[in-house]
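# A structural walkthrough
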Amino acid sequence: NMPQIIPLEGEQDITKLKDTFVQIIQRHESLRTSFILVEDIPHQKIHAIPELTFAIEYVDISSVVHRNEPSGADKSVEEYIGKLFHEFIRPFDLSKAPLLRVELIKAGDEKYLLMVDMHHIISDGLSIGIFVREFMELYVGKQLPGLRLQYKDYSVWQKKQALEISIRQQETYWEKEFAGEIPVLNLPTDFPRSVVQDFTGNSTCFDISPEETNALKSIAAEHGATL
């Protein structure tokens, strides 16, 4: 799941919001793709808009906001929204498109929250930026240029590349490299390695100070490494 909450100011037209989502779903085949098994092999199935059922769920919690005492209102509303967000994030059925759900929460006078959740199989971090930019342009009535390419074009290129001679040569090379017994990685440890391989692990939780954190970030930046 790739969920996010977007605060919106001013009165919102839920019909206009829905129409904008439908436009962007129509524009990008990935957003109207489901995944089915054909002889136990997963396949993409791209749907036409008339085949899809898309709706925006609507929840009005403005009465809850007004009902709370001023001293505890913020905390109570935050907890209520957190509960709604927790319920909003749930599994997708990959065989049913769109793998996208939207909910609009009215939190007060001219105050709304738009919750959007997409399955990671149809989107990623870079895609979200494109989605938001195009959505805002469509919402204000702008016309977007047509798309020359869709994700299926990339899939074809990737499959074609996998069949190229150079890729097959690399595959042959690495299969030869790892054809024999692969040596055990010999790292220094604080106790002898078990004779029987065991993947049981453990987690250790601890806090470090802001000063130590900044020092680590500096070292990471200096050496071009992640924390």
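To keep things clear, this report deals only with the structure shown in the data block. (Residues numbered from 1 in each chain as written. Predicted model: local features only at pLDDT ≥ 70, side-chain atom pairs only at ≥ 80, totals over all residues. Heavy atoms only, no water.)

Turning next to the packing of aromatic side chains. Overall, the coordinates contain 8 aromatic pairs when judged by the stated rule. Ring centres of Y151 and Y154 lie 5.5 Å apart, and the angle between their planes is 45 degrees; this geometry places the pair in the tilted category. Here Y151 pairs with Y154, and both are found in helix α5 (residues 151-162), just 3 residues apart, close to one helical turn. A residue is classified by how much of its surface remains accessible, and Y154, at 40% relative accessible area, is partly exposed. Relative to F178, the ring of W174 lies with its centre 6.0 Å away and its plane at 25 degrees, an arrangement referred to as stacked. Counting every residue linked through ring pairs, the aromatic cluster contains F21, F54, F131, F135 and Y139. Above the ring of Y139, the side-chain terminus of K16 is found at 4.6 Å from the ring centroid. (Phe/Tyr/Trp six-rings, centres within 6.5 Å; stacked < 30°, edge-to-face > 60°. Helix = DSSP H or I, 4+ residues; strand = E, 2+ residues; numbered from the N terminus. Buried < 20%, exposed > 50% of the residue type's maximum accessible area, 1.4 Å probe, protein only. Lys NZ or Arg CZ within 6 Å of the ring centre and 35° of its normal.)

On to the pairing of strand β2 (residues 33-38). Two strands pair when backbone bridges link them, and β2 and strand β3 (residues 41-46) are joined in this way by 6 bridges, in the antiparallel orientation. In the strand pairing of β3, I36 is matched with H43. The antiparallel pairing of β2 with β3 creates a hairpin that spans 2 residues between the two strands, and E39 there sits at a positive phi of about 55 degrees. (Pairing = 2+ DSSP bridges.)

Packing of helix α1 (residues 14-27) against helix α4 (residues 125-139) leaves a shortest axis separation of 9 Å and a crossing angle of 125 degrees. Taken together, α1 and α4 sit at an angle that is classed as oblique. Crossing hand, α1 versus α4: right-handed. Of the residues in α4, those touching α1 at K16, L17, T20, F21, Q23, I24 and R27 are F131, E134, F135, L138 and Y139. Its residues placed into classes, the contact of α1 with α4 shows 7 nonpolar, 2 polar and 3 charged. (Axes fitted to C-alpha atoms, helices over the stretch in contact; angles between N-to-C directions. Parallel < 35°, antiparallel > 145°, perpendicular 65-115°, else oblique. Left-handed = near helix turned anticlockwise from the far one by under 90°. Contact = heavy atoms within 4.5 Å. Nonpolar A, V, L, I, M, F, W, Y, C, P; charged D, E, K, R; others polar.)

What the 4 strands build is an open sheet, ordered β1-β6-β5-β4; its pairing is mixed. Strands at the two margins of the open sheet, each flanked by one partner only, are β1 (2-9) and β4 (56-60). Sheet twist, expressed as the average angle between the axes of neighbouring strands with direction ignored, equals 20 degrees. Summarising the sheet, strand β5 (residues 100-108) and strand β6 (residues 111-118) pair through 8 bridges and their orientation is antiparallel.

A word on the pattern of salt bridges. Within this structure, the stated rule accounts for 7 salt bridges. Here K111 and E9 are joined by a salt bridge, their closest N and O atoms 3.7 Å apart. With K111 in strand β6 and E9 in strand β1, the pair connects residues that are 102 residues apart, well separated along the chain. Residue K111 is classed as partly exposed on the basis of its relative accessible area, which comes to 44%. (Salt bridge = Lys/Arg side-chain N within 4 Å of Asp/Glu carboxyl O.)

Note that every value here comes from positions in space, so none of it alone points to a role or purpose.
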